[in-house]
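Chain by chain, the residues:
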Amino acid sequence: EVTVVASRVVNKADGQLIFPSEAQKKRATNGFSLLAKLPLPNIRVDEVARSITLLGNQGEVQIRINGVRASREELIALEPEQVKSVDFVNNPGVRYGEGIACVIDVKLKRVDAGYLWGVDASNSLTACNGRNAAFFKYNEKKSEFGVSYNQSYRDFRGKRVKTSSNYVFN
């Protein structure tokens, strides 16, 4: 028998390459849950609020999936079993844009065809605010189609507010 033992964290010049264990993947429910279980230095992952912040307020954390910028809904829809590795870049330079302090790029194994759908609801009874989302993704070979709908509200107790809608197509 031959047993190959390697480190789960590989240090690079601009960051780290992290290989999640099978136990971490099995216990994670989505992308936020998996990232919270990984040893990411100076990163705080809040699974409940679905947010990722850098300690010390040095800049913004950019999340990518297979090199493409990812939204909050895409991280919620991520299946942890498909993750091959996580590339953590703590010195991104100008490549990723202005004000970016670090980049987390999740590398996935692609299935030939499949779909994924889900709903994420977060409502507060005491503060009168909420954030809800529904998403659907379909992929076949190298093509992918996805739709997400976001709805949030906040009760300002009779104050007037201006609202706006953004439609983003990648």
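Please refer to the structure placed before this passage.
The shown structure was predicted, so the numbers you read here are calculated from the model rather than taken from an experiment.

This part covers the sheet that holds strand E6 (residues 68-69). With respect to topology, 6 strands assemble into an open sheet ordered E1-E2-E7-E8-E5-E6, the strand pairing being mixed. What marks the edges here is a single partner per strand, and that holds for strand E1 (9-12) and E6. Pairing of strand E5 (residues 60-65) with E6 involves 2 bridges; the strand directions are antiparallel. Bridging across to E6, Ile 65 finds its partner in Val 68.

This part takes up the pairing of strand E7 (residues 83-89). For E7, the tally of buried residues reaches 6 of 7 residues, placing the bulk of the element in the interior. Where strand E2 (residues 15-18) and E7 come together, 4 bridges link them in antiparallel fashion. Residue pairing in the sheet places Gln 16 in a bridge with Phe 88 of E7. In the sheet, E7 pairs with strand E8 (residues 100-108) via 6 bridges, with the strands oriented antiparallel. Bridged to Val 89 within E8 is Val 103.

On to the environment of Gln 62, then. Relative to the helices and strands, Gln 62 resides in strand E5. Residues Gln 62 and Cys 102 lie 40 residues apart in sequence; the distance between their C-alpha atoms is 6.5 Å. Not counting chain neighbours up to four residues away, the residues in contact with Gln 62 comprise Arg 69, Tyr 96, Ile 100, Cys 102, Val 103 and Ile 104. Engagement of the side chain of Gln 62 in a polar contact is seen with the side chain of Arg 64, the distance being 2.7 Å. Here the side chain of Gln 62 touches Tyr 96 through a polar contact of 3.4 Å, landing on its backbone oxygen.

Calculation rules
Residues numbered from 1 in each chain as written. Predicted model: local features only at pLDDT ≥ 70, side-chain atom pairs only at ≥ 80, totals over all residues. Heavy atoms only, no water. Pairing = 2+ DSSP bridges. Helix = DSSP H or I, 4+ residues; strand = E, 2+ residues; numbered from the N terminus. Buried < 20%, exposed > 50% of the residue type's maximum accessible area, 1.4 Å probe, protein only. Contact = heavy atoms within 4.5 Å. Polar contact = N/O pair within 3.5 Å; in protein donor to acceptor, adjacent residues only side chain to side chain.

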